[in-house]
Amino acid sequence: MLLRIENKKIYARYAIYAVLIIITAVLQNTKGLFPEIFGVRAMLLVSAVVCISMHEREVSGIFIGLFAGFLWDAYAGGIFNFNAIMLTTIGFVCGALVGSIMRNNVVTALLLTAGSCLFYNTSYWFKEYIFNFTKSPGDSRAVFNPYSGAWASYLTFYLPACIITVILMPACYFLVRLIRNKTKQN
Amino acid sequence: MRRFFSSSGFKIFTVVVAALLAGTIAAAFSHHKTTPATSVTSAVFGPLQRFSAYISDGLSKYSINFKSSASLSEENKKLEKEIEDLRQQLVKYEQTKQLLDLYKKSLGLKDENPGFQFLSAAVVGRDALTPFRSFTLNQGSENKVSINDPVIYGDCLVGKVISVMPTRCVVQTILDPAFNAGVYEIRSHEEGFITTTGALSAKGFCRLPQLDKATEITPGGMVSTSGVGGLFPRDLFVGTVKEVLDETADISCYAVIEPGVDIGELDYVLILTDFKGKLDAAPAGE
């Protein structure tokens, strides 16, 4: 009987996490639902995955990241599972770091969120702007040809998105902590 | 470090990422360019996406966005310029539409009278005190406008030119008490001349005076120019008989005529610079 109650708390916690991830995905990816600051949107899913992974460790972090990544890919219409791979990695790494060498507090959460956002955004920017090959007419070889204005977009869009995400992260952190405390096993 | 790489967490991570990469490679070669997981997630959460888009549309008027004032100011200037361009286009469109309307109405007249020479003109000014009695057009002697040239709208008589400058001319309308023209009533063929009084002119009417007591002209009758005198061609429509009243000064009657065109609303007219049977120009009033 006691075990079933404890299991129910665990199931409830993960159900709440799933709903939180869904709501965060909707807020992040639906234009107009969450304020844009100077045209830049916060990456709420990244901070949600980081916060949950810090509290639940690496294995849960993997599946939370996987779920969030699939949702993001569905919204973004992204092919090639980019978001799923990135968020799974972020979930695993953050969970593993907190489980082994880092403490679980808001300062480390800020550091991990900043690092994850930079990792994600820089990879995305590199994929979209830098890693570009074009073929000239009559030439069968593809030539490395980054888009012009790539650096400007990194400095004016991707970097500010990281900053805004880090600023908004503490709200998510304390919400996840509240959920965990309310559904903690005795 | 070895413990980390041999931990169950790392093994699960490796398997999951390997599966994702396999899905990525499969998607790259698939016809739909998407992974099965993405397709399933899209299908499952499709209604949620639509619902969130619906909520977003509803909240769009309340959405809070922080933009720099410089970008807002630039956007504002761009939109203002666009509005100004559109406004100018609209004005040109309205002008073109009115001209087209005028030409359409005049087409029948031209077909019936091949000798008519038209010149289109825009109303550029009206007498502020008596707006219906005269107005200024933007054509003048440079374009062969001369004094006493009839001014029409469609097949309706509006007035005649009473003074000409190189690029302007002044028109005396049928609502001016000093105006008169030979007319006849179409059904009864009774002839007379059209004129008006200050009181009738203020109401926008003309009069056909000196009708016999036993006149056959009745309300609803139509009055057109008779061509007598050579100032106006025959059969230009003047107006409709509104009522037939007794004169106070003698035993004759007069008909109150409602003009066929609203003189106050005219923006474009046609000047008949030549027509068959036209008399040479004479100074206004003679």
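Everything numeric here is computed off the predicted structure, so don't read it as measured data. (Residues numbered from 1 in each chain as written. Chains lettered and ligands numbered in written order. Predicted model: local features only at pLDDT ≥ 70, side-chain atom pairs only at ≥ 80, totals over all residues. Heavy atoms only, no water.)

### With respect to the overall build of chain A
For chain A, the helix and strand inventory stands at five helices and three strands. Put simply, chain A has 186 residues, and 46% of those count as buried. The contacts of chain A with a sequence gap of at least 6 include a subset with a gap of at least 24, amounting to 69%. About 9,300 Å² of surface is accessible on chain A, with carbon and sulfur atoms providing 68% of the total. (Helix = DSSP H or I, 4+ residues; strand = E, 2+ residues; numbered from the N terminus. Buried < 20%, exposed > 50% of the residue type's maximum accessible area, 1.4 Å probe, protein only. Contact = heavy atoms within 4.5 Å. Areas by Shrake-Rupley, 256 points an atom, 1.4 Å probe, with all protein chains shown as cover.)

### With respect to the layout of surface pockets
Quantified by volume, the second largest pocket comes out at close to 300 Å³. If you go around the second largest pocket, you meet 13 residues; those closest to its centre are Ala96(A), Ser100(A), Arg3(B), Phe4(B) and Ser7(B). Taken together, the elements giving at least two residues each to the lining of the second largest pocket come down to helix 3 (82-100) of chain A together with helix 1 (2-5) and helix 2 (8-29) of chain B. The element that contributes the greatest number of residues to the lining of the second largest pocket is helix 3 of chain A, accounting for six residues. Partitioned by chemical class, the residues of the lining of the second largest pocket number seven nonpolar, four polar and two charged. (1 Å grid on protein atoms, 1.4 Å probe; cavity = no way out; pocket = protein on both sides within 12 Å on 5 of 7 lines; lining within 4 Å. Points joined across faces, edges and corners; volume = space filled by probe spheres on them. Nonpolar A, V, L, I, M, F, W, Y, C, P; charged D, E, K, R; others polar.)

### What about a nonpolar patch on the surface?
Nonpolar side chains collect at one region of the surface, where Ile163(A), Ile167(A) and Leu168(A) lie side by side and expose about 290 Å² of accessible area between them. With respect to the helices, strands and loops of the structure, Ile167(A) is situated in helix 5 (residues 150-182). (Patch = residues over 30% accessible without salt bridge, like charges linked within 9 Å, V, L, I, M, F, W, Y side chains within 5 Å. Salt bridge = Lys/Arg side-chain N within 4 Å of Asp/Glu carboxyl O.)

### Remarks on the confidence of the model for chain B
All names here are of chain B. Of the residues in chain B, 81% reach a pLDDT of 70 or more, and the chain-wide mean stands at 81. Low confidence marks residues 281-286, where pLDDT is under 50. Its contacts with residues over four positions away, or in another chain, come to nine contacts. Per the prediction output, this complex has pTM 0.53; the corresponding ipTM is 0.81. (pLDDT = per-residue confidence, 0-100.)

### Here we look at the pairing of strand 5 (residues 156-164) of chain B
Residue and element names in this part refer to chain B. In the sheet, strand 4 (residues 150-153) pairs with strand 5 via four bridges, with the strands oriented antiparallel. Along strand 5, the bridge assignment pairs Pro 150 with Lys 160. Linking strand 4 back to strand 5 in an antiparallel pair, the connection comprises two residues, with Gly 154 at a positive phi of about 65 degrees. Where strand 5 lies against strand 6 (residues 169-173), five bridges are found, and the strand directions are antiparallel. (Pairing = 2+ DSSP bridges.)

### Focus: the nonpolar core
One recurring pattern in soluble globular proteins: nonpolar side chains tend to sit buried together. Counting residues in hydrophobic clusters, the biggest one holds 47 residues, and the most contacted among them are Leu137(B), Leu157(B) and Ile271(B). Take this core: its biggest share by element is five residues, from strand 13 (residues 268-274) of chain B. Contacts of Leu157(B), omitting those with residues within four sequence positions, involve Val151(B), Ile152(B), Ile174(B), Phe179(B), Ala181(B), Thr225(B), Phe232(B), Leu236(B), Phe237(B), Val238(B) and Val261(B). Counting 33 residues, the second-largest nonpolar core is a separate cluster that includes Leu45(A), Ile90(A), Ala109(A) and Ile179(A). (Core = buried A, V, L, I, M, F, W, Y, C linked by side-chain atoms within 4.5 Å.)

### Brief notes about the environment of Asn104(A)
Residues and elements named next belong to chain A. Structurally, Asn 104 is set in the loop between helix 3 and helix 4 (106-130). The sequence separation of Asn 104 and Cys 51 amounts to 53 residues, and the corresponding C-alpha distance is 9.4 Å. Polar side-chain contacts of Asn 104 include one of 2.8 Å to the side chain of Tyr 173. (Polar contact = N/O pair within 3.5 Å; in protein donor to acceptor, adjacent residues only side chain to side chain.)

### Considerations on the packing of aromatic side chains
Aromatic rings in a pair are described by how distant their centres are and how their planes are angled relative to each other. Tallied over the full model, the rule gives 15 aromatic pairs over all chains. Centroid distance Phe92(A) to Phe13(B): 4.3 Å. Interplanar angle 10 degrees. Geometry classified as stacked. Taken together, the residues span two chains, with Phe92(A) in helix 3 and Phe13(B) in helix 2. A single burial state applies to Phe92(A) and to Phe13(B), both of which are buried. Centroid distance Phe116(B) to Phe275(B): 6.3 Å. Interplanar angle 75 degrees. Geometry classified as edge-to-face. Residue Phe116(B) is located in the loop between helix 4 (69-112) and strand 2 (117-126), and its partner Phe275(B) is located in the segment after strand 13; the two are separated by 159 residues in the primary sequence. This pair shows no difference in class: Phe116(B) is buried, exactly as Phe275(B) is. Feature note: the residues Trp72(A), Phe82(A), Tyr120(A), Tyr124(A), Phe157(A) and Tyr158(A) constitute an aromatic cluster, connected by ring pairs. (Phe/Tyr/Trp six-rings, centres within 6.5 Å; stacked < 30°, edge-to-face > 60°.)

### A short note on helix 5 of chain A
For helix 5 of chain A, which comprises 33 residues, the first-to-last C-alpha distance of 46 Å matches the rise-based estimate of 48 Å (1.5 Å per residue) to within 8%. Most pronounced at Leu168(A), the bend in helix 5 of chain A amounts to some 40 degrees, and the proline Pro170(A) follows within four residues. (Expected span 1.5 Å × (residues − 1). Bend = angle between axes of the 7 residues up to and from the residue.)

### So, the confidence of the model for chain A
When pLDDT is averaged along chain A, the result is 82, and 81% of the positions lie at 70 or above. Element-level pLDDT for chain A is lowest in strand 2 (residues 133-135) of chain A, with a mean of 61, against a maximum mean of 90 in helix 3 of chain A.

### Comments concerning the packing of helix 4 of chain A against helix 5 of chain A
Any two packed helices are characterised by the angle at which their axes cross and by the distance between the axes. All names here are of chain A. Between helix 4 and helix 5, whose axes approach to 9 Å, the crossing angle comes to 150 degrees. In terms of orientation, helix 4 lies roughly antiparallel with respect to helix 5. Viewed along their axes, helix 4 and helix 5 form a crossing whose handedness is right-handed. Of the residues that constitute the contact of helix 4 with helix 5, the class distribution is 22 nonpolar, five polar and no charged. (Axes fitted to C-alpha atoms, helices over the stretch in contact; angles between N-to-C directions. Parallel < 35°, antiparallel > 145°, perpendicular 65-115°, else oblique. Left-handed = near helix turned anticlockwise from the far one by under 90°.)

### So, the pattern of salt bridges
Once their charged atoms are close, side chains differing in charge can pair, the charge on each being opposite to the other. Residues and elements named next belong to chain B. The tally for this structure, following the rule as stated, stands at seven salt bridges over all chains. Across the pair Lys 81 and Asp 85 runs a salt bridge whose closest N-O atoms are separated by 3.2 Å. With a gap of four residues between them, Lys 81 and Asp 85 both fall in helix 4, about one helical turn apart. Judged by relative accessible area, Asp 85 falls into the partly exposed class, the value being 33%. One salt bridge in this structure joins Glu 84 and Arg 87, with 3.2 Å as the shortest N-O distance.

### Some words on the pairing of strand 10 (residues 222-225) of chain B
Residues and elements named next belong to chain B. Note: strand 7 (residues 181-185) against strand 10, three bridges, orientation antiparallel. Each bridged residue has a counterpart across the sheet, and for Tyr 184 the counterpart in strand 10 is Ser 224. The pairing of strand 10 with strand 11 (residues 237-246) spans three bridges and is antiparallel. Along strand 11, the bridge assignment pairs Ser 224 with Phe 237.

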